[in-house]
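# Survey of secondary and tertiary structure
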Amino acid sequence: EKAGRLNVEVFSDGTPVTSTAVRIFYPGDRRLGFEMTAPTDEAGLATLGEILPGPVEIEVVLPGNRCPYTQVHIAPGEERSVRIDVARPTATVEGVVVQDGYPISTPMLTFFIETELGTERIRRGVSPDGTFRVQQLPLGRAMLVASCEDGAQQVLVDPVPLSADKVTSVTADMTIAH
């Protein structure tokens, strides 16, 4: 029998879920225990090829959340697309960037978030008053780097844990030691 292909789009509140794992299982005793895994890309899409025809169970693996299985049937040689909407637990980081005790708005922020599936990189600007609030971050451990546009100066904030539905506050102090 000719193998099929499965394209799984994963969304949460209308937003693509990136860097998460999509696993497939074959139900039944003939292929028991066999599974395949693929990560989602920036568009929330995971592509799994060489799928045996028949019923397939799809699971989206999110840190802190087990999603229910979605079952589909793959015909021989079929390329099938499935959209799965999930409730994704997320975290929020807020804070201020200061220099010599005063808020500054020039830096760019880069968050390096270590998740179960690797490191995700997210860049954001700072408000004119030096504050920032970044929502919908994946759970994990975040390292924040604040850097001036010319790249001449940057500061690394100690890593912080990102927990489900919690707000983490940080201060990035870009004061140069004299």
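Counting of residues starts from 1 at the beginning of each chain's written sequence and follows it residue by residue. Two thresholds apply to this predicted model, a pLDDT of at least 70 for residue-level local features and 80 or more for giving and counting side-chain atom pairs, whereas whole-chain, interface and lining totals are computed over all residues. Values reported for side chains reflect all heavy atoms of the structure, with hydrogen atoms and water molecules removed beforehand.

### Some points on the confidence of the model for the chain
The test is simple: pLDDT: the predictor's confidence for each residue, scored from 0 to 100. In this text, helices come from DSSP runs of H or I with a minimum length of four residues, and strands from runs of E with a minimum of two, each type numbered from the N-terminal end.
The predicted model of the chain averages 85 in pLDDT, with 90% of residues at 70 or higher. Summarising per-element confidence for the chain, the mean pLDDT is lowest in strand 7 (residues 65-66) (65) and highest in strand 9 (residues 79-85) (95).

### A few points about the layout of surface pockets
To find leftover empty space, a probe the size of one water molecule is rolled over the atoms. Quick note on the threshold: Only protein atoms enter the 1 Å grid used here, on which a cavity is any set of points holding a 1.4 Å probe that cannot leave and a pocket is any open set flanked by protein within 12 Å on both sides along at least five of seven lines; residues with an atom within 4 Å of a point are listed as lining. Grid points are joined across faces, edges and corners, and a volume is the space filled by probe spheres set on the points. Under the scheme applied, nonpolar residues are Ala, Val, Leu, Ile, Met, Phe, Trp, Tyr, Cys and Pro; charged residues are Asp, Glu, Lys and Arg; polar residues are all the others, including Gly.
Roughly 320 Å³ of internal volume is contained in the largest pocket. In terms of lining, the largest pocket is formed by 19 residues, of which the most central are P16, T18, R88, E120 and I122. Taken together, the elements giving at least two residues each to the lining of the largest pocket come down to strand 2 (15-16), strand 13 (118-125) and strand 14 (131-137). Residue contributions to the lining of the largest pocket peak at four residues, all from strand 13. Among the residues forming the lining of the largest pocket, the class breakdown is five nonpolar, eight polar and six charged.

### Quick look at the packing of aromatic side chains
As a reminder of what qualifies: Any two rings among Phe, Tyr and Trp, with Trp reduced to its six-membered ring, count as a pair given centres within 6.5 Å; such a pair is stacked if its planes are under 30 degrees apart, edge-to-face if over 60, and tilted if neither. Only protein chains enter the accessibility calculation, which uses a 1.4 Å probe; a residue is then buried when its area is under 20% of its type maximum, exposed when over 50%, and partly exposed in between. Criterion for a charge above a ring: Arg CZ or Lys NZ at most 6 Å from the ring centre, at most 35 degrees from the ring normal.
Within this structure, the stated rule accounts for two aromatic pairs. Measuring from ring centre to ring centre gives 5.8 Å for F25 and Y69, while their planes differ by 80°; the resulting arrangement is edge-to-face. Of this pair, F25 sits in strand 3 (residues 21-25) while Y69 sits in the loop between strand 7 and strand 8 (70-74), placing them 44 residues apart in sequence. With a relative accessible area of 18%, F25 lands in the buried category. Overall, Y69 belongs to the partly exposed group, its relative accessible area being 45%. Both rings, one in F111 and one in F132, keep their centres 6.4 Å apart while their planes meet at 65°; by these two values the pair is edge-to-face. In this pair, F111 sits in strand 12 (residues 108-115) while F132 sits in strand 14, placing the two residues 21 residues apart along the sequence. We classify F132 as buried; its relative accessible area is 5%. We note R83 situated over the ring of F11; from NZ or CZ to the ring centre the distance is 3.9 Å.

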